[in-house]
Amino acid sequence: MLWVSVHLPHLAMELRQPEQPGALVVTDGSGARRRVVACNATALGAGIAIGMDAPSAMMREPELRMLDRSKANERRATLALASWAHQFTSDVCLDVTRWMVWLEIGSSLRYFNSLTALYKQISDGIERLGYTTSIGIAPTIEAAALLTKHPDVLPILNKSEIRGAVGLLPITGLEIGAKAIDQLHTTGLRTIEELLDVPSDALARRFGEGLPHYLQRLLGEQADVRRRHRAPAIYRRRFDFMEGVESVDGLLFPLRRVLQEFAGYLRGRDVAVQHLAVTLLHREGAETVLRLATSAPQRSASHLFALLREKLERTAIPDPVMAIQLSAGEFVEPRITQGDFFDDPHRENDNWSALLDKLRARLGAEAIRRLGLSDDHRPEKAWCVLSDEKGAAISADLPDRPLWFLSEPQQLNDLPQLLGTPERIEAGWWTGQDSSRDYYLARTDEGAHWWLFRDAGTNRWYLQGLWA
Amino acid sequence: MTAESLQALLHSSPHVWRGGEIARVDARSSGYAALDVRLPGGGWPIGALVEIAPKTDGCGELRLTVPALKSWCQDGRSVAFVRPPHVPYAPALARCGMALSSLLWVAADSDEDGRWAAEQLLRDGAAAVLLWSAAREDRALRRLQLAAETGKACAFLYRPPSALNHSSPAAVRIALSAASDGAGMTLDLVKVRGGQPGKLVLPLNRPAT
């Protein structure tokens, strides 16, 4: 086994709008127990650190803005990262309170060229999601987690090397609780090596069974049984805002992140989508739903983003948006693209369907039409708008008809010059109106050719088409 | 060295600049020989804007472009009708030999949406776009011209006759009316960049009576 541990050390801050000016911290708890869990660069510069209590932080920076953390949002973000991680391995687990996701890559390593290449793919991918990350690689879950706090330590590839590699690291990086670390410090213990030298039963008597068990899992002497994360069958990702967002621009950043995560999920399941919905949630249960249907299976985040952005920009947002939610429940096989470099017609087709999607997103699906023929002698029934991409066969035996057609015939008071003999077309008893029409070709004073008919029942004249 | 061998040498080398041919325009035959000889490159210019101003609906405005549209469809390319004033009638188009599967009809609500859609189609893959627009602004026309250039497509812009009184960046501008004998259409080539302006009458198949 080889675990890649992905830690998002600034998650709480990165889920807020981190580009706000001034010192900003995210805190947990209230009153005297309010503590800093994340700070931006300005706050760090003022001497504020993670773990500090609120009054001490305020003392260092009187202008400090403090925001409550949203555990629900942090949880959703960590879960979404786990779904995203399935594109690299099927073996994923996570800890939402530690903002950490683990990927077992020992079995999938051979699919990637090297550990370095895989590491780069993972870290670049997370950067594109908009997170700062630190990554640790080791044969056990806890050793990998420990290495995320020490980015200068090289990956550990064998279980037998763990002890030697982590021995000189300080005990502060261990997941044993701040209280235990303080107590160990007072007894003079500083490094992990020193702690590992203490007999297990002595540690158990002082700190409980948990601590020696944790150390055994760290070294791989005891199995680390975790619940594996499974990619959900229906994808739903919600993102909550701290304050209501009123502009489309404010929605784009989280939308882009959410779609990047979604693309990772699609790759992990090796599926694509043709339908998805983005819901804008307002106060008091009100919502605005944007539905997207693409003409071809899609799994490119940038393509989906471009379509949704176009849609968003044309949507009236009635009230501030408190959260956005992406949902998709229908997945299809991705289109198989072969030979990216040589298969030009294929690529053109992809571009063409992407273009049609773009037109539909702005003009509405019903505005983009294909024409077809129907086997019916009545002029208004002889054509149709095709809903899908199906082509229509050209019938060999079509009567001469005008290129422009008026779906609603226009009644005429003055008749132009009629030419030739009429063509009688029976409306047929099945229309409910048992009437027939006499169609004429006519020429106007301006020289245009019209297609007219006289309704045999009412004796009225109508313009039906133009020889354009 | 003989004149022939010199000529052959000049033609075989892509590096030799031949003054007489720099104005060569990529074009697609209009299907009307009398018109092709008037147009630069012998047909509708590719990557350019062509304006057609019919005096009235039903005077041959589609039959003027249909032969070229048909040839694009036969090549498997797409052509689009954007904001046409009436329903493009499928049975008539099919009778002309147009492959309906290569034809796209974009029913945009506003003139602006229509121009936007035409631009996207010209840029990204349509061989030709027929756009009906009343826009007068020079900027709108230049955008279409640029999109046609970028996508190496042919932009046919159908405009009201009064639009011809204003200047335009179009490569070809045509005032169209029915011929007085009723058996053809009269084209007034108001502007033909690199070709011959002037009037000509094209025969039209009169509808069967």
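See the structure printed just above.
Residues numbered from 1 in each chain as written. Chains lettered and ligands numbered in written order. Predicted model: local features only at pLDDT ≥ 70, side-chain atom pairs only at ≥ 80, totals over all residues.

## Regarding the interface of chain B and chain A
Contact residues are listed per partner, giving 39 residues for chain B and 44 residues for chain A. Elements with a minimum of two residues in the side of chain B that touches chain A: strand S5 (87-88), helix H4 (90-95), strand S6 (103-106), helix H5 (111-123) and strand S9 (172-178) of chain B. For the side of chain B that touches chain A, the element with the most residues is H4 of chain B, which contributes 6 residues. In terms of strand pairing, strand S14 (residues 404-412) of chain A meets S5 of chain B through 2 bridges, oriented antiparallel. Bridge pairing in S5 of chain B places Phe-405 of chain A opposite Val-87 of chain B. (Contact = placed C-beta atoms within 7 Å. Helix = DSSP H or I, 4+ residues; strand = E, 2+ residues; numbered from the N terminus. Pairing = 2+ DSSP bridges.)

## Looking at the sheet that holds strand S9 (residues 273-281) of chain A
Residue and element names in this part refer to chain A. The strand order S8-S11-S9-S10 describes an open sheet built from 4 strands, whose pairing is antiparallel. The sheet is open, and its two edges are formed by strand S8 (235-245) and strand S10 (287-298), each paired on a single side. Averaged over all pairs of adjacent strands, the angle between strand axes in this sheet comes to 15°, irrespective of strand direction. Where S8 meets strand S11 (residues 321-328), 7 bridges bridge the pair, whose relative direction is antiparallel. When the bridges of S11 are listed, Asp-240 appears paired with Ala-323. Of the strands in this sheet, S9 and S10 touch helix H13 (residues 301-313), which is tilted by about 140° from S10. (Axes fitted to C-alpha atoms, helices over the stretch in contact; angles between N-to-C directions.)

## Concerning the packing of helix H6 (residues 141-148) of chain A against helix H11 (residues 210-219) of chain A
All names here are of chain A. One can describe the packing of H6 onto H11 by two numbers: an axis separation of 6 Å at closest approach and a directional angle of 85°. In terms of orientation, H6 lies roughly perpendicular with respect to H11. Only Tyr-214, Arg-217 and Leu-218 of H11 make contact with H6, whose side of the interface consists of Glu-142, Ala-143 and Leu-146. Classifying every residue of the contact of H6 with H11 gives 4 nonpolar, no polar and 2 charged. (Parallel < 35°, antiparallel > 145°, perpendicular 65-115°, else oblique. Nonpolar A, V, L, I, M, F, W, Y, C, P; charged D, E, K, R; others polar.)

## Remarks on helix H3 (residues 66-74) of chain B
Residues and elements named next belong to chain B. Those residues of H3 that sit buried are Val-66, Ala-68, Leu-69, Trp-72 and Cys-73. Down the axis of H3, the smallest arc covering the buried residues is 160°, so these residues share one side. Packed against the buried residues of H3 are strand S1 (27-28), strand S2 (44-45), strand S4 (78-82), S6 and strand S7 (126-132). Count one or two residues on from H3 and you reach Gly-76, which has phi positive near 80°. (Buried ≥ 20, exposed ≤ 12 C-beta atoms within 10 Å, placed from the backbone. Arc of directions from axis to C-beta.)

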